[in-house]
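# Close look at the chain arrangement
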Amino acid sequence: MASNIYPHTLACTSKTTFRCPSNSPIWTINEIAESVNGKILKWGPPGIICTDTRILAPNKNQWFFAITGQHFDAHEFISPELYGKGCVGVIGNQVCNNWDKGFVQVEGNGNVNTLNSLVNMACYARNSRFSGVLVGVTGSVGKSTTKSMIALALESLGVNVFQSYGNWNNRVGVALSLIGIDRAVDIAVLEMGMSGKGEILELARMARPEIRVVLNVGDSHLESLGSLEDVARAKGEIFEESKLGDVCVLNANDPLVANLTVPLGVRKVFFGWRRGCDVRLVASQVANGGLGVQVVLEKERETVKFVIPSPGLHLAINACAAAAVATLFGVSLAQVGISLSKFSPVQMRSELLVSRSGIKIVNDAYNANPISTRAAIDLLKDIACNGKRVVILGDMLELGSTERESHEKILSYCCDACIDLIGLVGDRFRAAAENMNLIKTDYIVVTNDAEILSQKIVKRLKSNDVVLVKGSRAMQMEKVVDVIKAM
């Protein structure tokens, strides 16, 4: 059996927690003031931290943290109307004139970017409130799915496991995740994303993960970073300040990941197909008519075979990465298989839905880049289908100079896959269709708006069709999913 490198995490028996702002742990006013180096100008009772007035809830003591940014200032939403919504205090630069609830003024006497104060609170939470082990996961694709798989496998230990909400993986999201970790948590699993150089390093400094995972490097964020090598360096920032006792987990299949620099003396753990990996993906194949994936993993002399009840062969490498992390904590490979046999897709990531009329929908609408889009098309091809296979794609953003070529390659990939009907949303896919002389083809529908495409595409769908919906977040492709679901 694998050695358990963190034996103290086995003491707790509660199950995995999945916290959102409304049920975060309690903070006292003294903790709040200390964490933001602030002043208590008006007393307030203990409460949870919230950054969005829209989700304040009556009968829950909530402190509203007023975030300032380049294009917004949440102080504008402070008014006595918040009292009835459960707000017991404000953390920020100032309050309105007639405010009579709690108020902690952050360091800087009312004239600072309070986002920096939120980060200070997150660092305080990490250093003074959370004494467990933290796992940080980054990569171009698969972060949310792998994070959820890791948490699911670790739950089998009977410890209290926290995973960050949704894809809270930027500066604000990671800060809120750290603030939202209860003192009773033994292991926290956070994902870390970026769009430019230096961002992962800041997140790693904030979270200080003991286990640091890089899943892959792909052609996303090229607009700001320029090349795959630059993307790799930006992802590799998670390893930069790792110290003795930490573990860096790397994908051996991806040369850009496998060759990342790790500080001298820090342990490296490899996962992937290659022989010699600490956890090896021996085999993977489609199961259950394309609605599942059979996976065979190997660690030392132990082998396990199991089926992930979700579509997409790409899930196999995510499972391998999750196993590499979970076994560090003493989870057996057999138990990893049992746990991941119960895996459910993260919302809007290869999520299988069925419309009222029986149309199968693969809702992969959360985000898109060329790697994840090709994987999603492969997933669609593998699903058993008695009707049409339909792909509905929104533009892929932040691709920089590769934008035109990437969209044309994806459209060509769809055509080569013999997809029966293709819906395209956005200027980039429109340009690709025009450049490839496909704009007037019967099996391609092109619009600049997801809602307009929805109305056009539903007229051509029948109950035995299978539909994939995918696109970058800004394209709002979930609107298409909602329309098809209602059919």
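Anything mentioned here points back to the structure above.
Residues numbered from 1 in each chain as written. Predicted model: local features only at pLDDT ≥ 70, side-chain atom pairs only at ≥ 80, totals over all residues. Heavy atoms only, no water.

### Here's the deal with the overall build of the chain
Counting secondary structure elements, the chain contains 16 helices and 20 strands. Radius of gyration (C-alpha) of the chain: 24 Å, near the 23 Å computed for a compact globule of 487 residues. Each of the three principal axes of the chain carries a C-alpha extent, and together these read 65 × 55 × 40 Å. Expressed as a percentage of the 487 residues in the chain, the buried residues total 55%. Across the chain, contacts joining residues at least 24 apart in sequence account for 65% of those joining residues at least 6 apart. (Helix = DSSP H or I, 4+ residues; strand = E, 2+ residues; numbered from the N terminus. Rg over C-alpha atoms; globule rule 2.2 N^0.38 Å. Buried < 20%, exposed > 50% of the residue type's maximum accessible area, 1.4 Å probe, protein only. Contact = heavy atoms within 4.5 Å.)

### Looking at the pairing of strand 8 (residues 187-191)
Counting buried positions over the five residues of strand 8 gives five, a clear majority of the element. Here strand 8 shows a buried face lined by Ile 187, Val 189 and Glu 191 and a second buried face lined by Ala 188 and Leu 190. As paired strands, strand 6 (residues 133-138) and strand 8 are joined by five bridges and run parallel to one another. Residue pairing across strands places Val 135 opposite Val 189, the latter belonging to strand 8. (Pairing = 2+ DSSP bridges.)

### Considering the sheet that holds strand 13 (residues 292-299)
Taken together, the nine strands give an open sheet; going across it, the order is 7-8-6-9-10-11-12-13-14, and neighbouring strands pair in mixed fashion. The sheet terminates laterally at strand 7 (161-163) and strand 14 (302-308), the two strands that pair on one side only. Averaged over all neighbouring strand pairs, the angle between strand axes comes to 15°, with direction disregarded. Pairing analysis gives three bridges linking strand 7 to strand 8, with the strands arranged parallel. Residue pairing in the sheet places Phe 162 in a bridge with Ala 188 of strand 8. This element, helix 3 (residues 143-155), spans strand 6, strand 7, strand 8 and strand 14 of the sheet and lies at about 170° to strand 8. (Axes fitted to C-alpha atoms, helices over the stretch in contact; angles between N-to-C directions.)

### Structural notes on unusual backbone geometry
A positive phi angle, close to 50°, is found at Asn 37, a residue other than glycine. Assignment of secondary structure puts Asn 37 in the loop between helix 1 (29-35) and strand 1 (39-42). Of note, the phi angle at Glu 300 is positive, near 55°, even though the residue is not glycine.

### Here we look at the pattern of salt bridges
Under the counting rule described, the total for this entry stands at 20 salt bridges. Across the pair Asp 364 and Lys 470 runs a salt bridge, and its minimum N-O distance is 3.0 Å. With Asp 364 in strand 16 (residues 360-364) and Lys 470 in strand 20 (residues 466-470), the pair connects residues that are 106 residues apart, well separated along the chain. Residue classification places Asp 364 among the buried positions, given a relative accessible area of 9%. You can call Lys 470 buried: its relative accessible area is 3%. Residue Glu 405 pairs with Lys 409 through a salt bridge whose shortest N-O separation is 3.0 Å. A residue pair is termed a helical-turn pair when its members lie 3 or 4 positions apart in one helix, as Glu 405 and Lys 409 do in helix 13 (residues 403-416) at four residues. One salt-bridge network, held together by shared partners, links Glu 31, Arg 129 and Arg 183. (Salt bridge = Lys/Arg side-chain N within 4 Å of Asp/Glu carboxyl O.)

### Here we look at the packing of aromatic side chains
Following the criterion strictly, the structure yields three aromatic pairs and no others. Pairing Trp 27 with Tyr 124 gives two aromatic rings, centres 5.9 Å apart and planes at 40°, and the pair type is tilted. Of this pair, Trp 27 sits in the segment before helix 1 while Tyr 124 is found in helix 2 (residues 114-129), placing the two residues 97 residues apart along the sequence. Accessibility expressed as a relative area gives 0% for Trp 27, which makes it buried. Overall, the relative accessible area of 14% leaves Tyr 124 in the buried class. Seen from their ring centres, Tyr 165 and Trp 168 are 5.1 Å apart, and the 70° between their planes marks the pair as edge-to-face. Assessed through its relative accessible area of 33%, Tyr 165 is described here as partly exposed. Just above the ring of Tyr 366 sits the side chain of Arg 349; from NZ or CZ to the centre is 4.0 Å. (Phe/Tyr/Trp six-rings, centres within 6.5 Å; stacked < 30°, edge-to-face > 60°. Lys NZ or Arg CZ within 6 Å of the ring centre and 35° of its normal.)

### Here we look at the environment of Gly 173
For Gly 173, the position within the fold is in helix 4 (residues 171-179). Sequence separation between Gly 173 and Glu 191 is 18 residues, and the spatial gap between their C-alpha atoms is 9.3 Å.

### Re helix 13
Between its first and last C-alpha atoms helix 13 spans 20 Å; for 14 residues at 1.5 Å apiece the expected length is 20 Å, and the two agree. Buried within helix 13 we find Ser 406, His 407, Glu 408, Ile 410, Leu 411 and Cys 414. Immediately beyond the C-terminal end of helix 13, within one or two residues, lies Cys 418, with a positive phi of roughly 60°. (Expected span 1.5 Å × (residues − 1).)

### Here's the deal with the sheet that holds strand 20
If you walk across this open sheet you meet the six strands as 15-16-20-17-18-19, and the pairing is mixed. Where the open sheet ends on each side, the last strands, each with one partner, are strand 15 (351-354) and strand 19 (444-447). Adjacent strand axes in the sheet meet at a mean angle of 15°, parallel and antiparallel pairs treated alike. In this sheet, strand 16 lies alongside strand 15 in antiparallel orientation, the contact comprising four bridges. Looking at the pairing, Leu 352 lines up with Val 362 of strand 16. Across the face of the sheet, helix 16 (residues 478-485) comes into contact with strand 15, strand 16, strand 17 (389-394) and strand 20 while running at roughly 160° to strand 16.

### Regarding the nonpolar core
Counting residues in each nonpolar core, the largest one holds 54 residues, and the members touching the most others are Ile 49, Ile 91, Met 121 and Leu 178. For this core, the leading source of residues is helix 2, giving seven residues. For Ile 91, the residues in contact, after removing those within four places along its chain, are Ile 32, Val 36, Ile 49, Trp 63, Phe 64, Phe 65, Ala 66, Val 104, Val 106 and Met 121. Counting 45 residues, the second-largest nonpolar core is a separate cluster that includes Leu 154, Ile 211, Val 247 and Ala 321. (Core = buried A, V, L, I, M, F, W, Y, C linked by side-chain atoms within 4.5 Å.)

### Some points on the side chain of Asp 219
As for its placement among the helices and strands, Asp 219 is situated in the loop between strand 9 (211-214) and helix 6 (222-225). Buried Asp 219, no salt bridge; nearest opposite-charge side chain is Arg 374, N-O distance 4.7 Å. If near-sequence neighbours (up to four positions away) are discounted, Asp 219 is found in contact with Leu 228, Asn 369, Pro 370, Ile 371 and Leu 399. (Lys, Arg positive; Asp, Glu negative; His and termini not counted.)

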